[in-house]
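The chain contents come next:
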Amino acid sequence: HCQGAIRDQRRAAEREVASEDMDANASRSADAARAFDRAWAIALAGEAFAVAQRDAEERGRPQDALVFRMHALDGMTHREIGGQLGITETQSAHAARRVSERMREAVRTLLRDEGVPTADLEAAVAEVLELVGEAAGE
C-alpha cells in the first residue's frame, strides 16, 4: 500500500511539473505571438506613413510629414516645431493632423486589402494603434 501511495504522489508531482511547463510554454507562445503582432503593426504603420508622405508631397506640402515625424516620433511640441520650421503652432498642429488622418485612411485601405471586412475595420485600426503604442512603450 505504501509503495502505491508513494507512486501516486510521485505521479501527481510529475503532472504538476508538466502542467507548470505547459503554462510557461503557453505564456512564451503568447508573448511571441504578441511580439509578432506588434512588428506587423509597426510595418503597417510604416507603410501608411509612406502613403501619407507621398500624398503630402503630391499636394505640395512636404513639410507636413516632417512635422508629423517631429511631433509623433521625436515628441516635440507644436510650439517647438513651429520655432524650428518657421511656422505657427496652429500650422504645425494642422500639418500633423493632416498626416495622421491620411495615415488612418491608408491603414484602413491596407487592412481592407488584407481581407479585413468593412464592418471590422475600425476595431482593426484601433488594434493596430494599440499594438504600435505597446511597441513604443518597450
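1. With respect to the overall build of the chain
Move 1: The number of helices and strands found in the chain is five helices and zero strands.
Move 2: In the chain, buried positions account for 26% of the 138 residues.
Move 3: Partitioning the intrachain contacts of the chain with sequence separation of at least 6 by distance along the chain shows that 57% fall at a separation of at least 24.
Move 4: Working note: accessible area of the chain is about 9,300 Å², and carbon and sulfur atoms make up 52% of it.

2. Structural notes on the environment of Val99
Move 1: Mapped onto the fold, Val99 is located in helix α4 (residues 89-113).
Move 2: The spatial distance from the C-alpha of Val99 to the C-alpha of Gln53 is 7.4 Å, given a sequence separation of 46 residues.
Move 3: When near neighbours in sequence (up to four residues on either side) are disregarded, Val99 contacts Phe49, Ala52, Asp64, Ala65 and Phe68.

3. Some words on the packing of helix α2 (residues 62-73) against α4
Move 1: As a packed pair, α2 and α4 sit with axes 8 Å apart at the nearest point and diverge in direction by 90°. Comparing their axes, α4 and α2 come out roughly perpendicular. Contacts between α2 and α4 involve Asp64, Ala65, Val67 and Phe68 from the first element and Ser92, Ala95, Ala96, Arg98, Val99, Ser100 and Met103 from the second.
Move 2: Here the residues of the contact of α2 with α4 sort into seven nonpolar, two polar and two charged.

Conventions used here
- Residues numbered from 1 in each chain as written.
- Predicted model: local features only at pLDDT ≥ 70, side-chain atom pairs only at ≥ 80, totals over all residues.
- Heavy atoms only, no water.
- Helix = DSSP H or I, 4+ residues; strand = E, 2+ residues; numbered from the N terminus.
- Buried < 20%, exposed > 50% of the residue type's maximum accessible area, 1.4 Å probe, protein only.
- Contact = heavy atoms within 4.5 Å.
- Areas by Shrake-Rupley, 256 points an atom, 1.4 Å probe, with all protein chains shown as cover.
- Axes fitted to C-alpha atoms, helices over the stretch in contact; angles between N-to-C directions.
- Parallel < 35°, antiparallel > 145°, perpendicular 65-115°, else oblique.
- Nonpolar A, V, L, I, M, F, W, Y, C, P; charged D, E, K, R; others polar.

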